[in-house]
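Coordinate inspection notes
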Amino acid sequence: MAQDQDIICEIRGAAGVVILNRPKALNALSLGMVRELARALDAWEDDPQVTRVVVLSTSEKAFSAGGDIRWLHDCGKAGRHDEMLAFWGEEYVLNHRIKTYPKPYVALIDGIVMGGGVGISLHGSHRIAGDRYLFAMPEVGIGFFPDVGATYALPRLPDAFGVFLALTGERIGAADALSAGLATHAVPSDRMAELADALTSRTAIDDILVGFTIAPPPGPLQAEAATIADAFAAASPQAVVGRLNALAGRGSAFAGKLAQTLATKSPTSVAIAHEQMRRGRELDFAEAMRTEFRIVSRIARGHDFYEGVRAVVVDKDQSPRWLPDRLDAVDPAAIAAYFAPLGPAELKLGN
């Protein structure tokens with residue numbers, strides 16, 4: 001198979017191997033990559049030779065840094081909303097496919113994993129974090145929202161940790177990801193290639209992993225677990241900020257930093273993300289993906305996504321002008337409207 005493709009899907013031994021191969025774009029997912037991965041999963045599901053799927057990256061910097069945000073921005077600015085929604089729709093169907101896939105799905109994550117990259121790794125059975133692992137869902141910083149199944153996965157993390165990730169977009173390393181359950185195993189970076197080769201055998205995956213996994217020391221956020229749990233369990237985003245400011249007033253520099261971080265994010269996006277986390281605890285995965293498609297269908301025709309991408313990706317002035325520009329100016333009814341059913345336009349999932 002040609003090595004200049006953005007994604008390479010091939011059978012090696014007992015494994016269906018997926019190689020993310022778009023390093024200049026940090027493996028940002030295109031519609032073509034989404035479709036090729038979906039095609040491979042379909043082909044391998046009933047192939048007796050394939051006993052597991054292994055996903056890896058050719059880049060030392062990134063597993064996958066997200067979706068192709070610039071392309072989505074440009075489509076929307078040109079009024080090509082149908083193309084945007086086709087991408088998101090197929091991506092969300094793929095996320096659901098991975099979550100429900102009947103064979104083990106192993107993601108070797110050694111580098112940045114954000115946005116769409118989370119969607120093609122987090123919902124698999126095994127998430128292997130290398131030394132360079134760096135997870136974030138930074139969407140609230142570009143007027144978007146944590147999607148690709150975050151509505152389901154993040155509220156289920158312990159002690160409001162997922163709410164913290166959704167609202168702040170903070171980056172976390174392998175040790176904190178492992179303790180929270182985002183990663184299932186940690187393996188040294190210099191053994192990832194050896195592990196990838198080992199996983200192509202017919203030996204049971206968990207037996208293979210015993211020879212590779214390590215127990216990293218506690219991550220830096222474990223010392224802040226009580227602060228995170230206290231602040232991000234609050235019933236509204238405004239209350240989260242209030243708790244962070246109160247904790248900062250009692251001497252928590254970490255809480256003060258988070259309050260400042262939240263103040264830079266899209267107020268609408270922060271409110272959407274908080275509501276996602278509240279609703280998501282009670283949703284099954286399929287309904288979570290339908291919920292995300294409802295939200296994205298409205299965001300595609302809104303303001304803050306285009307302004308956020310302009311500020312961060314296009315003009316890079318890092319000075320987005322959010323509408324509204326304050327959390328206390330966000331209308332709860334406007335947020336609720338993002339979650340309203342779409343009728344005939346609802347996301348259609350296979351099962």
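Here's a quick rundown of the structure. (Residues numbered from 1 in each chain as written. Predicted model: local features only at pLDDT ≥ 70, side-chain atom pairs only at ≥ 80, totals over all residues. Heavy atoms only, no water.)

It is worth spelling out the sheet that holds strand β2 (residues 15-20) at this point. The strand order across the open sheet formed by six strands is β1-β2-β3-β5-β7-β9, and the pairing between neighbours is mixed. Two strands lie at the open edges of the sheet, namely β1 (7-12) and β9 (185-186), each paired on one side alone. Relative to the sheet, helix α1 (residues 31-45) contacts β1, β2, β3 (52-57) and β5 (105-109), its axis offset from that of β1 by approximately 15°. (Pairing = 2+ DSSP bridges. Helix = DSSP H or I, 4+ residues; strand = E, 2+ residues; numbered from the N terminus. Contact = heavy atoms within 4.5 Å. Axes fitted to C-alpha atoms, helices over the stretch in contact; angles between N-to-C directions.)

Before going further, it helps to spend a moment on the sheet that holds strand β6 (residues 112-114). On the basis of which strands lie adjacent, the open sheet formed by three strands has the order β4-β6-β8 and parallel pairing. Across the chains shown, the open sheet's two edge strands, defined by having one partner strand only, are β4 (62-64) and β8 (134-136). When strand polarity is set aside, the average angle formed by the axes of neighbouring strands in this sheet is 20°. Inspection of the sheet shows β6 paired to β8 by three bridges, in the parallel sense.

Side chains bearing opposite charge may pair, as long as their charged atoms lie close to each other. Under the counting rule described, the total for this entry stands at 23 salt bridges. A salt bridge links Arg-22 to Asp-6; the shortest N-O distance between them is 4.0 Å. Placement of the pair is Arg-22 in the loop between β2 and α1 and Asp-6 in the segment before β1, with a sequence separation of 16 residues. Residue Arg-294 is joined to Glu-287 by a salt bridge in which the shortest nitrogen-to-oxygen separation is 3.2 Å. Residue Arg-294 is classed as buried on the basis of its relative accessible area of 12%. Each of Glu-287, Arg-290, Arg-294 and Glu-346 takes part in a single network of salt bridges with overlapping partners. (Salt bridge = Lys/Arg side-chain N within 4 Å of Asp/Glu carboxyl O. Buried < 20%, exposed > 50% of the residue type's maximum accessible area, 1.4 Å probe, protein only.)

Under the counting rule described, the total for this entry stands at eleven aromatic pairs. Consider the rings of Phe-144 and Phe-145, whose centres lie 4.8 Å apart with planes at 45°: the pair is tilted. Across the pair, Phe-145 and Phe-144 agree in class, each one buried. Taken together, the aromatic side chains of Trp-88, Phe-144, Phe-145, Phe-305 and Tyr-306 make up a single cluster linked through ring pairs. Just above the ring of Tyr-152 sits the side chain of Arg-156; from NZ or CZ to the centre is 3.8 Å. (Phe/Tyr/Trp six-rings, centres within 6.5 Å; stacked < 30°, edge-to-face > 60°. Lys NZ or Arg CZ within 6 Å of the ring centre and 35° of its normal.)

Once that is clear, we can look at unusual backbone geometry. Cis rather than trans, the peptide bond between Leu-323 and Pro-324 has omega equal to -5°. Along the chain, Pro-324 turns up in the loop between α15 (304-314) and α16 (332-338). Phi is positive for Val-148, which is not a glycine, with a value near 45°. Even without being a glycine, Lys-316 presents a positive backbone phi close to 60°. One can find Lys-316 in the loop between α15 and α16.

Let us look at the environment of Asp-331. For Asp-331, the location among the structural elements is in the loop between α15 and α16. Since its relative accessible area comes to 42%, Asp-331 is described here as partly exposed. The sequence separation of Asp-331 and Ala-271 amounts to 60 residues, and the corresponding C-alpha distance is 9.4 Å.

Counting buried positions along β3 gives five out of six residues, so the element sits mostly inside the fold. Pairing of β2 with β3, which is carried by six bridges, proceeds in the parallel orientation. Opposite Ile-19, over in β3, you have Leu-56 as the bridge partner. Following the backbone out of β2, through α1 and into the adjacent parallel β3, one traces a crossover that is right-handed. With three bridges connecting them, β3 and β5 associate as parallel partners. Note that in β5 the partner of Val-54 across the bridge is Val-106. (Right-handed = clockwise from strand over helix to strand, strands pointing away.)

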